[in-house]
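# Report on the structure
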Amino acid sequence: MAEVLEIKEHHTVHQLPTADNGEGGEKSPMNISYGKTMMWYFLLSDAFTFSAFLIAYACLRLGHKWWPNPNDVFNAMPFMGHHKIPMGFVSIMTFILIMSSVFVVRAVQEGHRMNKKGVMYWMFWGILGGAAFLGCQAWEWQHLLAEGMRPFYNVFYEGKDGLTTLWNVHEQGKPLFSPGPVAFGALFFGITGFHGFHVFTGVCLNIWGFFATANGTFEKRGHYEMIEKLGLYWHFVDLVWVFVFLAFYLM
Amino acid sequence: MSDHQLTEEEYKAQVAGVWKVTVILSIVTVVEVAAALILGPHLPKWIMNPFYAIASIAKAFFIIGEFMHLKYEKRAFMLSLGLPLFFLLWAIIAFGVEGNYLHKLLYLIK
């Protein structure tokens, strides 16, 4: 009974003080808490930011005469030496991020049942997935940088029959002008970097959520809404990756 | 989220729903990658790209609806998020068309 009272108290604290004057202002019309509403609208604004980047990408890519083929650029795999596996590594990264998202959904569900151990268990796996994704991205960036790719220098140029060819900067030297379309590097590092920054922020927030759960902060509060808000942010990061994956690797 | 205590059956149904969506998302991703590797080199871009785009938007609907739980919110709330995104979709298409025109202007018309 004490727990029920605490939940009720919390809901009154978070509602704006409104007079019951018969105009309906005392009730939340969307039936969703203030915190979650604001997280949704923040994510909407973040979707605008990402869309602006992707619009720039689409416009520049379509405006160019030639563009590197992703199957020939992103075909390296860790521990596989010089074997070329187009799309292999990035598919694994996509799968890791989807699974991480699923683990956080499970944490939210356990939160609804006030299962502290369950929330901690699934948050732990969610954090691990996010960290693994960041590690994969670091490897991929390192690989491209080692090939000579820079934000304003592109080593993938139009070879014979329009085939994507790698200019070997270590053997052939570094021409003053970028061999391939310059925008490719800036867009790739810019957009995947901005997404990676979101993943990093999400991992940090989830780690905080994990320790706050362990501390019993949400148990005392009587609800795990904070885990739900962290979950919304984390799923959004997964959602953006779906479109980054589409724009950079599939198309 | 509703305030009432979840029954064991409701909880089990929710968990099963999440794993079902996980399987769907994985299958769509595998199909996308397989299509890019097997059909990609043989079919023209104007067939493949819309296919990838539709598959990705389908994935987005599953993530937003089930994982982010928007399917279970009020309709007014769904619209307040969906309508701005609809106009955004228009902007993406408009700029794509503009880029394509730029391409024609620079390289195709002599």
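Residues numbered from 1 in each chain as written. Chains lettered and ligands numbered in written order. Predicted model: local features only at pLDDT ≥ 70, side-chain atom pairs only at ≥ 80, totals over all residues.

### Section: the overall build of chain B
- Across its full length, chain B carries 3 helices and 0 strands.
- Secondary structure elements in chain B, listed N-terminal to C-terminal, are α-α-α.
- Relative to the globule expectation of 13 Å for 110 residues, the C-alpha radius of gyration of chain B, 20 Å, shows a markedly less compact shape.
- Overall size of chain B, expressed as C-alpha extent along the three principal axes, is 70 × 35 × 10 Å.
- Across the 110 residues in chain B, those meeting the buried criterion constitute 15%. (Helix = DSSP H or I, 4+ residues; strand = E, 2+ residues; numbered from the N terminus. Rg over C-alpha atoms; globule rule 2.2 N^0.38 Å. Buried ≥ 20, exposed ≤ 12 C-beta atoms within 10 Å, placed from the backbone.)

### Considerations on the interface of chain B and chain A
- Listed by partner, the interface residues are 42 residues for chain B and 39 residues for chain A.
- Elements supplying a minimum of two residues to the side of chain B that touches chain A: helix H1 (8-38), helix H2 (45-67) and helix H3 (75-108) of chain B.
- Broken down by element, the side of chain B that touches chain A gets its largest block of residues, 16 residues, from H3 of chain B.
- Looking at the side of chain B that touches chain A, its residues break down into 27 nonpolar, 10 polar and 5 charged. (Contact = placed C-beta atoms within 7 Å. Nonpolar A, V, L, I, M, F, W, Y, C, P; charged D, E, K, R; others polar.)

### Observations concerning helix H5 (residues 116-146) of chain A
Residue and element names in this part refer to chain A.
- Taking 1.5 Å of rise per residue, 31 residues should cover 45 Å, and H5 covers 45 Å from first to last C-alpha, within 8% of that figure.
- Where H5 is concerned, the buried positions are Val119, Trp122, Met123, Gly126, Ile127, Gly129, Gly130, Phe133 and Leu144.
- Considering only its buried residues, H5 is in contact with helix H4 (88-112), helix H7 (183-215) and helix H9 (225-250).
- In the stretch just after H5, Gly148 is the one whose phi turns positive, near 105 degrees. (Expected span 1.5 Å × (residues − 1).)

### Looking at the packing of helix H2 (residues 34-63) of chain A against H7 of chain A
Residues and elements named next belong to chain A.
- One way to put it is that H2 packs onto H7 with a least axis distance of 11 Å and a crossing angle of 160 degrees. By the angle class used here, H2 and H7 are roughly antiparallel. The crossing of H2 and H7 is left-handed. Side by side, H2 and H7 meet where Phe53, Tyr57 and Leu60 of the first sit next to Ala183, Leu187, Gly190, Ile191 and Phe194 of the second.
- Across the contact of H2 with H7, the residue classes break down as 7 nonpolar, 1 polar and no charged. (Axes fitted to C-alpha atoms, helices over the stretch in contact; angles between N-to-C directions. Parallel < 35°, antiparallel > 145°, perpendicular 65-115°, else oblique. Left-handed = near helix turned anticlockwise from the far one by under 90°.)

### Focus: unusual backbone geometry
Residue and element names in this part refer to chain A.
- If you check the backbone angles, Met87 has positive phi at about 70 degrees while not being a glycine.
- The residue Met87 is located in the loop between helix H3 (70-73) and H4 in this model.
- Judged by the 21 C-beta atoms lying within 10 Å of it, Met87 falls in the buried class.
- A positive phi angle, close to 60 degrees, is found at Met114, a residue other than glycine.
- With respect to the secondary-structure elements, Met114 resides in the loop between H4 and H5.

### A look at the nonpolar core
- Counting residues in each nonpolar core, the largest one holds 69 residues, and the members touching the most others are Val104, Ala107, Val244 and Phe245 of chain A.
- Of all the secondary structure elements, the ones that give two or more residues to this core are H2, H4, H5, H7 and H9 of chain A together with H1 and H2 of chain B.
- A total of 18 residues in this core trace back to one element, the largest contributor, which is H9 of chain A. (Core = buried A, V, L, I, M, F, W, Y, C linked by C-beta atoms within 7 Å.)

### With respect to the domain arrangement of chain B
- The assigned domain composition of chain B is domain 1 (1-72) and domain 2 (75-110).
- Taking only C-alpha atoms, the centre of domain 1 of chain B and the centre of domain 2 of chain B are 23 Å apart. (Domains from an automatic or database assignment.)

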